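Next come the chains, spelled out residue by residue.
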Amino acid sequence: MVSGFVSGVQGHIISNKFVVLAKVRHSQRMNEALIPIWIITEMDGTINCAHCLGCNAGLAESCSHIASVLFYLETWTTLNRRLSCTQMKCSWILPNFAKVVECARSET
């Protein structure tokens, strides 16, 4: 995922299910075309089915290409659920001796 093996990830909601399309690079044959895969999941994350169109293990719906896209989706979801520092109240760590920090309007 970090090395760019997973690309072109797209998702759509169809009939209350997530349909994910992606392309994955071969791990042993870098110059070959990207492998298209698809995954269908429930809203709670349960995987209904997945298929890799470029390798024999993908016919059994259990290849590493499918797993790499699932790791990509899990990481993307984790990173995008976090709020940035400008989206929430300040949350710095108070020193041990301070219990409350009083707020006051600055006079300009």
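Provided above is the structure to which this section pertains.
Throughout this document, residue positions are counted from 1 along each chain, in the order its sequence is written. Under the rules for a predicted model, residues below a pLDDT of 70 receive no local features and side-chain atom pairs below 80 are neither given nor counted, while totals for whole chains, interfaces and linings still include all residues. Computation of side-chain values covers all heavy atoms of the structure but excludes hydrogens and water.

**Topic: the overall build of the protein chain**
Okay, step 1: Helical segments are the DSSP runs of H or I of at least four residues, strand segments are the runs of E of at least two, and each set is numbered from the N terminus. If you tally the helices and strands in the protein chain, you get one helix and four strands.
Okay, step 2: If you list the helices and strands of the protein chain from N to C, you get β-β-β-β-α.
Okay, step 3: Each of the 108 residues in the protein chain was classed as buried or not, and the buried ones make up 19%.
Okay, step 4: Of all intrachain contacts in the protein chain linking residues separated by at least 6 positions in sequence, the fraction that spans at least 24 positions is 29%.
Okay, step 5: Carbon and sulfur atoms form 57% of the exposed surface of the protein chain, whose accessible area is close to 8,700 Å². Throughout this description, buried means an accessible area under 20% of the type-specific maximum (1.4 Å probe, protein chains only), exposed means over 50%, and partly exposed covers the range between. For this analysis, residues touch if any pair of their heavy atoms sits within 4.5 Å. Computed with the Shrake-Rupley method and a 1.4 Å probe, the accessible areas treat only the protein chains shown as cover for residues.

**Looking at unusual backbone geometry**
Okay, step 1: In the Ramachandran plot, Ser-15 falls in the positive-phi region, its phi being about 55° despite a non-glycine side chain.
Okay, step 2: By the secondary structure assignment, Ser-15 is in the loop between strand 1 (6-14) and strand 2 (17-24).
Okay, step 3: Backbone geometry places Asn-16, a non-glycine residue, at a positive phi of 60°.
Okay, step 4: Mapping Asn-16 onto the fold places it in the loop between strand 1 and strand 2.
Okay, step 5: Asn-16 sits in the exposed class, given a relative accessible area of 55%.

**Description of the nonpolar core**
Okay, step 1: Grouped together as the largest cluster of nonpolar side chains are 13 residues, with contacts concentrated most on Ile-37, Ile-39, Cys-52, Cys-63, Ile-66 and Val-69.
Okay, step 2: Among the secondary structure elements, those contributing two or more residues to this core are strand 2, strand 3 (35-42), strand 4 (47-52) and helix 1 (64-81). We define the nonpolar core as a collection of buried residues of types Ala, Val, Leu, Ile, Met, Phe, Trp, Tyr and Cys that are connected through side-chain atoms lying within 4.5 Å of one another.

Limitation: the analysis is restricted to geometry and does not speak to function.
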